Amino acid sequence: MIHTTNKVRIAVLGAGLIGRRHAEHVAGEATLAAIVDPAEAATTVARDLAVPLFASLEALLAVDKPDGLIIATPNQFHLPHGLQAIEAGIPVLIEKPIADSVDAAERLVQAADAADVPVLVGHHRRHNPLVDEAKKAIDAGRLGRVVAAHTTFWVHKPADYFDVAWRRQPGAGPVFINLIHDVDLLRYFCGDVASVQAVESNAVRGNAVEDTAVILLKFKTGVLGTVSVSDTIAAPWSWELSAGENPAYPPTSVASTMIGGTLGSLSIPDLGLWSYDGAPSWWQPLQRQSILPAAADPLVLQIRHFADVICGRAEPLMSGREGLETLRVITAIKQAAQTGQAVGIG
Ligand SMILES: NC(=O)c1ccc[n+]([C@@H]2O[C@H](COP(=O)([O-])OP(=O)(O)OC[C@H]3O[C@@H](n4cnc5c(N)ncnc54)[C@H](O)[C@@H]3O)[C@@H](O)[C@H]2O)c1
């Protein structure tokens, strides 16, 4: 029986770039039950954290049933690993994207519903206090009626980032790898997406995937969205560089997302709330109020939340179904760019 958060035993599957960070945070916030990864490099991770190492999920489940499992393996393994965890009745946090296709994501969501096993998806930004504050301001009507939203994701990835073959091939690209987080946030703030249009280009890098794309989103609420994404622009305007979530990125202090309403606008992640003292008019001075809360690491908060879900103290903030809906939008964006047609969702 589980009594407290730090007694919850969570195993981490896949000890790569993000899995190692999860393992460290689990060790700090709960009990790290095991690392599962067949790669030689995982030996060091398990030894440093003083936990058992298994080469496969089957091998772990043969001898142990952790209270929770984090799946941080490559995208194509999210479906088989997720199904194994669900079948074993183990609540699971699956890294984003929930799966490598909408079909696979639907299978995961259906299996979780049928077995009544909680599934969370690693869109960790939703656990960031500044996202929570922005959401509260929007939902409280401080912007009035939301009219439009804009996100810029402009970064310059160094050439050696593309030495890894899969990063140059379909299934990768900044829309699928990075923009999925931004699109998820726009969905969180503005609701479900009704349709998308998109154009993309690979003119600078010449890889099989886009290096740049421009996207139009129409939300079911009537809000209109614009998004510009590129991994070949030297610029400060991206969540990665401006939100300060990952110490590996030298920070900038500019906004990457703007939400505009009839009474005011919000710049994110710096959380400047722009509004008028009286009735809105472009002849009057705009006031900027900072509503930025104290910073906290969303990956750590995500682990605490996962522990609460395991203990039955919370419902998933970022559920499998939400992960599926965000993946539907990303898939529709790719389809719209390929066909040149608007693509409806749902
Ligand atoms: N939330 C985020 O911001 C974020 C950031 C990075 C990656 N991710 C996601 O996390 C996942 C992993 O990405 P990454 O960059 O850490 O990849 P990675 O290649 O660095 O790590 C993947 C690890 O999985 C291991 N692995 C492969 N097959 C396995 C198996 N059958 N069983 C157990 N382990 C296996 C590999 O040995 C490797 O150590 C991807 O889905 C990615 O999209 C999310």
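Residues numbered from 1 in each chain as written. Predicted model: local features only at pLDDT ≥ 70, side-chain atom pairs only at ≥ 80, totals over all residues. Heavy atoms only, no water.

Engineer: Provide a residue-level description of the overall build of the chain, including the pertinent values.
Structural biologist: Of the regular secondary structure elements, the chain holds 10 helices and 15 strands. Here the chain has a C-alpha radius of gyration of 21 Å; the compact-globule value for 346 residues is 20 Å, and the two agree. Put simply, the chain has 346 residues, and 49% of those count as buried. For the chain, the share of sequence-separated contacts (at least 6 apart) that also reach a separation of at least 24 residues comes to 64%. Of the roughly 15600 Å² that the chain leaves accessible, carbon and sulfur atoms contribute 55%. (Helix = DSSP H or I, 4+ residues; strand = E, 2+ residues; numbered from the N terminus. Rg over C-alpha atoms; globule rule 2.2 N^0.38 Å. Buried < 20%, exposed > 50% of the residue type's maximum accessible area, 1.4 Å probe, protein only. Contact = heavy atoms within 4.5 Å. Areas by Shrake-Rupley, 256 points an atom, 1.4 Å probe, with all protein chains shown as cover.)

Engineer: Residues and numbers for the sheet that holds strand β9 (residues 212–219), please.
Structural biologist: By way of backbone hydrogen bonds, the strands of a sheet pair with one another, either parallel or antiparallel. Taken in spatial order, the 9 strands of this open sheet run β14-β13-β12-β11-β7-β10-β9-β8-β15, and their pairing is mixed. Each edge of the sheet is formed by a strand with only one pairing partner; in this case those strands are β14 (287–290) and β15 (343–344). Where strand β13 (residues 272–275) and β14 come together, 4 bridges link them in antiparallel fashion. Counted as the bridge partner of G272 is S290 from β14. Docked against the sheet, helix α7 (residues 173–190) engages β7 (146–154), β8 (193–201), β9, β10 (224–230), β11 (257–261) and β12 (264–268), running at close to 160 degrees with respect to β7. (Pairing = 2+ DSSP bridges. Axes fitted to C-alpha atoms, helices over the stretch in contact; angles between N-to-C directions.)

Engineer: Go over the side chain of T152, please, and point to the residues and values.
Structural biologist: Mapping T152 onto the fold places it in strand β7. On the basis of relative accessibility, which here comes to 12%, the residue T152 falls in the buried class. At 2.8 Å, the side chain of T152 forms a polar contact with the side chain of H150. Setting aside chain neighbours within four positions, we find T152 in contact with S228, W237, S238 and S256. (Polar contact = N/O pair within 3.5 Å; in protein donor to acceptor, adjacent residues only side chain to side chain.)

Engineer: Explain the nonpolar core to me, using residue names and the numbers behind them.
Structural biologist: Counting residues in each nonpolar core, the largest one holds 76 residues, and the members touching the most others are F189, V196, L217, I259 and I333. Broken down by element, the residue count for this core peaks at 10 residues, all from α7. Viewed by domain, this core spans two of them, domain 1 (5–117) and domain 2 (126–296 + 328–344), each represented by three or more residues. Look past the residues within four positions of F189 in its chain and what remains in contact with it is V131, A134, K135, I138, I259 and I268. In terms of nonpolar packing, the next biggest core, distinct from the first, is built from 21 residues, V12, A23, V51 and L120 among them. (Core = buried A, V, L, I, M, F, W, Y, C linked by side-chain atoms within 4.5 Å. Domains from an automatic or database assignment.)

Engineer: Which residues make up the sheet that holds strand β6 (residues 119–121), and what are the values?
Structural biologist: Strand order across the open sheet formed by 6 strands is β3-β2-β1-β4-β5-β6, with parallel pairing between neighbours. The sheet is open, and its two borders are formed by β3 (53–54) and β6, each paired with just one other strand. As judged from the 2 bridges shared by strand β2 (residues 31–36) and β3, these two strands associate in the parallel manner. By the bridge assignment, V36 is partnered in β3 with F54.

Engineer: Mind laying out the site of the ligand, listing which residues take part and the relevant values?
Structural biologist: Around the ligand sit 23 residues in total, of which L17, D37, N75, H78 and K96 are the nearest. Separating an oxygen atom of the ligand from a backbone N or O atom of I18 is a distance of 3.0 Å. At a separation of 3.0 Å, an oxygen atom of the ligand approaches a polar side-chain atom of H78. The set of elements that each furnish at least two residues to the shell around the ligand consists of α1 (17–29) and α4 (78–87). (Near = heavy atom within 4 Å.)

Engineer: So what's going on with the environment of P174? Which residues, and what values?
Structural biologist: One can find P174 in helix α7. Given a relative accessible area of 0%, P174 falls into the buried group. Each C-alpha atom of the pair P174 and V209 lies 8.5 Å from the other, and the pair is 35 residues apart in sequence. Not counting chain neighbours up to four residues away, the residues in contact with P174 comprise L179, E210, D211, V229 and D231.

Engineer: Would you mind going over the domain arrangement of the chain in detail, with residue names and values included?
Structural biologist: Under the domain assignment, the chain is made up of domain 1 (5–117) and domain 2 (126–296 + 328–344). Each of domain 1 and domain 2 was reduced to a C-alpha centroid, and the two centroids are 29 Å apart. Residue-level contacts link 7 residues of domain 1 with 9 residues of domain 2. With both chains or domains summed, domain 1 and domain 2 bury close to 610 Å², and 56% of this area falls on carbon and sulfur atoms. Linking domain 1 with domain 2 are 1 salt bridge. A salt bridge links R328 to E106, with the shortest nitrogen-to-oxygen separation between them at 3.0 Å. Put simply, domain 1 and domain 2 have 2 residue pairs in polar contact (both at pLDDT 80 or more) between them. (Buried area = accessible area lost by both parts, 1.4 Å probe. Salt bridge = Lys/Arg side-chain N within 4 Å of Asp/Glu carboxyl O.)

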